[in-house]
Amino acid sequence: MAIAHLPTQLTPQLITPENFQPYGQVIFPTDDSKQFDLNDAQLALSGIPRFYIMHLRKVGLRFHSLARHQQCTQCLGSLNGKEWFMAVVPDSNPAQIDLTQIAAFRITGNCFIKLNAGTWHAGPLFEEDFIDFYNLELHDTNINDYEVCNLRKLYNLNFELQIRSLT
């Protein structure tokens, strides 16, 4: 698909463990007595982990860049059951991002996501005034493991999520 004909309006799909698998994992609540298995977050945190609550003000539903972290997985989830969105592209060579593979997901407030190392992502995206997110990554992820692909600069592209009711 030529870049000039690439659709820039994305309709997010409701996230499930199956449809999010190419990008990471979706983790839903489980009984405390359940033993560790492949449905638990498969983390790669070689270094000092950082677990914190990230306060984000309204960011909207548009994006023009994708970021990734190649040295660790990253876990994100909203507090207070708030819904949010994420756009993702599978891990790739930086010069070879396949923009036709951009997928957008609607993430309910009863789960968190674990991004695979190297997954390109835009978000969290939302229209609320603010949302607090818990974030698990390495203590220096945003300093030493933060690569950005600016789609506006490279391809003159901006993307926007088109939200439809789930009912």
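Model, not experiment: these values are computed from the prediction.

Describing the overall build of the protein chain
If you tally the helices and strands in the protein chain, you get three helices and 14 strands. Its C-alpha atoms give the protein chain a radius of gyration of 16 Å, within 12% of the compact-globule value 15 Å for 167 residues. With respect to the three principal axes, the spread of C-alpha positions in the protein chain is 50 × 40 × 30 Å. Counting over 167 residues, the protein chain shows a buried share of 43%. Partitioning the contacts of the protein chain with sequence separation of at least 6, the portion at a separation of at least 24 is 85%. Working note: accessible area of the protein chain is about 9,300 Å², and carbon and sulfur atoms make up 49% of it. Looking at charge distribution, the protein chain has the averaged site of its 12 positive side-chain charges lying 9 Å from that of its 17 negative ones.

A word on unusual backbone geometry
For the peptide bond that leads from Gly 123 to Pro 124, omega is 10°, which places it in the cis range. When you line up the elements, Pro 124 lands in strand β11 (residues 120–125). We note that Asn 80 has phi near 65°; this positive angle belongs to a residue other than glycine. Position of Asn 80 among the secondary structure elements: in the loop between β7 (74–78) and β8 (84–89). The exposed category is assigned to Asn 80, whose relative accessible area is 70%. Even without being a glycine, Asn 156 presents a positive backbone phi close to 55°. Mapped onto the fold, Asn 156 is located in the loop between α3 (151–155) and β14 (159–161). In this structure Asn 156 comes out as exposed when scored by relative accessible area, which is 64%.

Section: the environment of Asp 31
One can find Asp 31 in the loop between β3 (24–27) and β4 (49–57). Asp 31 sits in the exposed class, given a relative accessible area of 53%. Each C-alpha atom, one on Asp 31 and one on Phe 20, is 22 Å from the other, the two residues being 11 residues apart in sequence.

Quick word on the pattern of salt bridges
Here the structure, examined in full by the defined rule, presents seven salt bridges. With a closest N to O distance of 3.1 Å, Lys 34 and Asp 37 form a salt bridge. A relative accessible area of 28% means that Asp 37 is categorised as partly exposed. Here the salt bridges share partners, and the residues they tie into one network are Lys 34, Asp 37 and Asp 40.

Conventions we followed
Residues numbered from 1 in each chain as written. Predicted model: local features only at pLDDT ≥ 70, side-chain atom pairs only at ≥ 80, totals over all residues. Heavy atoms only, no water. Helix = DSSP H or I, 4+ residues; strand = E, 2+ residues; numbered from the N terminus. Rg over C-alpha atoms; globule rule 2.2 N^0.38 Å. Buried < 20%, exposed > 50% of the residue type's maximum accessible area, 1.4 Å probe, protein only. Contact = heavy atoms within 4.5 Å. Areas by Shrake-Rupley, 256 points an atom, 1.4 Å probe, with all protein chains shown as cover. Lys, Arg positive; Asp, Glu negative; His and termini not counted. Charge placed at Lys NZ, Arg CZ, Asp CG, Glu CD. Salt bridge = Lys/Arg side-chain N within 4 Å of Asp/Glu carboxyl O.

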